[in-house]
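# Architecture and fold: a report
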Amino acid sequence: MKLTNLPEVKPAIVAVSRDCFPIALSTTRREAVVAAYGAGLYSCPVTVENESDALKALADVEAAGCNTLVVYLGNFGPETPETILAQRFRGPVMYVAAAEGDGDLINGRGDAYCGMLNCSYNLGLRRVQAYIPDYPVGTARECAEMIRQFLPVARAILGVQSLKIITFGPRPQDFFACNAPIQGLYQLGVEVEENSELDLLVSYKAHAGDSRIGAVCADMAEELGIEGNRYPELLPRMAQFELTLLDWAETHKGARDYVAFADKCWPAFPEQFGFEPCYVNSRLASRGIPVACEVDIYGALSEYIGACLTGDAVTLLDINNSVPESLYRSDIAGAFPYTLTDTFMGFHCGNTPACKMCDGRAVKYQLIQNRLLEDGGTPDFTRGTLEGDIAPSPITFYRLQCDAQGRLRGYIAQGEVLPVATGSFGGIGIFAIHDMGRFYRHVLLAKRYPHHGAVAFSHCGREMYEVFRYLGVTDIAYNQPASLPYPGENPFTRCIPEMDAMMYKIEGEDLYL
């Protein structure tokens, strides 16, 4: 399915020039960057030397319909005007600077390398947030590549700035993991609309007999195939629910452009609606509309950021269970460069999009809810999960969260889903992340993260880190190698030879590489 709930990035480049340098130096260098970039980068004709120029440039790029700004220091640059550009522009802003080498070092020297220092200092004085690449000084070709790398980051920032998260709650009883202060959302500029599960039920019933249900059923059947469509009689109910959510999103966007959901899905939902919502949730996620389970508001936000960054479907999973030693020994050890504690199983009932699952996926029933609500008998209203193994893929496992004290923090870890059968139920896969055991203890546990993690199906840690940083998140954790201890990690635990020997050998076999 096509992702339709994401911003389109429309970048513009504005050159700045200090009045004691030739303005032509910045202008011609800007045009060289535009030529190296190719189509899609609007070149503002105003080269900014003073504050009036800055206002003219902002008016020009706004009139051109641009929502992302690249401020280009073709020479040293004027500190106040170049900062005003970021201060007054409504979208994401990046700064890059020209390297020398395209002319002589007399009239052709621009000193942008030096100017970037004062630019950064001025941004800090004004407390203006902007993106500066790892090394922001480059040739026209290099600056063009920096701009391309910024586009996914910009798309995520634009999405967050115009996002509304719609919830249907309350959150499940005795389920504190999904409870978090919403103050952090308002800090980010995210709008929240909280509704009752009863509101959703009323709207669902109002969609009974909707003329569009048949077409949605046909689309579901095509996606699932014959083997995956185990309960064809269930499709009309699920199609009715899909239309309910899509219509709610459209009519409740209000002043926002993009929507994500965080919905309660148990224990009352299946009996009252007549099915589990997981498969429908997976279909919306494949369109770029995350539906986080168990009213996990920050899970929905995290998913949406991942969808914006990658332009691809994402999912939300429980950091669920360890991999049995027997399975590790038979299918992983020696075949993949991971220790046993590098691995775990990521699971949820069935919300992962079909496009991210192995061919054997199918609509089934929620085994845990069947035990609880149907006494383990013939499944009826506990049907509706999309189950099977998650397909092998590189992944980024991440989360943006507000802690109990109202502070925003996040984590990012890259790894992969292994091509190893789980032998279990639900939407599930074997995940492998280097140094996961220590990450689990000294980040996930030590920093009190909940059990849900978002999954992007590519390595996008670098871009994710930049998004978190742009959003003002200062505590960003990652899976640190053993050579880099975590704060609070016991140094003596890590250097006891006897314990090291135990970790490397179990029953005389190498279970850890």
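Everything here concerns the structure above.
Sequence order as written defines the numbering, with residues in each chain counted from 1. The predicted nature of this model means local features are confined to residues of pLDDT at least 70 and side-chain atom pairs, given and counted, to a pLDDT of 80 or more, with totals for whole chains, interfaces and linings taken over all residues. As a rule here, side-chain values come from all non-hydrogen atoms in the structure, and water together with hydrogens is ignored.

### Here's the deal with the sheet that holds strand 8 (residues 258–263)
- Strand order in this open sheet of four strands is 7-6-8-9, and the pairing throughout is parallel. Because the sheet does not close on itself, it has two edges, and the strands there are strand 7 (191–196) and strand 9 (291–292).
- Strands are labelled as partners when DSSP assigns at least two bridges between them. Under the DSSP-based scheme used, a helix requires at least four consecutive residues in state H or I and a strand at least two consecutive residues in state E, with every element numbered from the N terminus. Sheet analysis places strand 8 next to strand 9, joined by two bridges and oriented parallel. Note that in strand 9 the partner of F261 across the bridge is V291.
- It only takes one pair of heavy atoms within 4.5 Å for two residues to be counted as in contact. All axes here are fitted lines through C-alpha atoms, helices being fitted over the stretch that makes contact, and every angle between N-to-C directions spans 0 to 180 degrees. Contacts from helix 12 (residues 297–310) reach strand 6 (163–169), strand 7, strand 8 and strand 9 within the one sheet, and its direction differs from that of strand 6 by about 145 degrees.

### Focus on the sheet that holds strand 3 (residues 68–73)
- The parallel open sheet is built from five strands, whose spatial order is 2-1-3-4-5. The open sheet has two free edges, formed respectively by strand 2 (42–43) and strand 5 (137–138), since each of these has just one partner strand.

### Thoughts on unusual backbone geometry
- Following G169, the chain continues into P170 via a peptide bond in cis, with omega recorded as 5 degrees.
- In this structure, P170 sits in the loop between strand 6 and helix 6 (183–188).
- Note that the residue after W266, namely P267, is joined by a cis bond; omega there is -5 degrees.
- Along the chain, P267 turns up in the loop between strand 8 and helix 10 (268–273).
- With phi around 55 degrees, E294 is a residue other than glycine that occupies positive phi space.
- For E294, the location among the structural elements is in the loop between strand 9 and helix 12.
- Even without glycine at this site, V295 takes up a positive phi of about 55 degrees.
- In this structure, V295 sits in the loop between strand 9 and helix 12.

### Considering helix 4 (residues 112–125)
- Taking 1.5 Å as the rise per residue, helix 4 with 14 residues should run 20 Å; its terminal C-alpha atoms sit 20 Å apart, in good agreement.
- In the core, the buried residues of helix 4 are packed alongside strand 3, helix 3 (79–88) and strand 4 (93–98).
- Two residues or fewer after helix 4 comes R127, characterised by a positive phi angle close to 55 degrees. Take the residue count of a helix, subtract one, and multiply by 1.5 Å to get its expected span.

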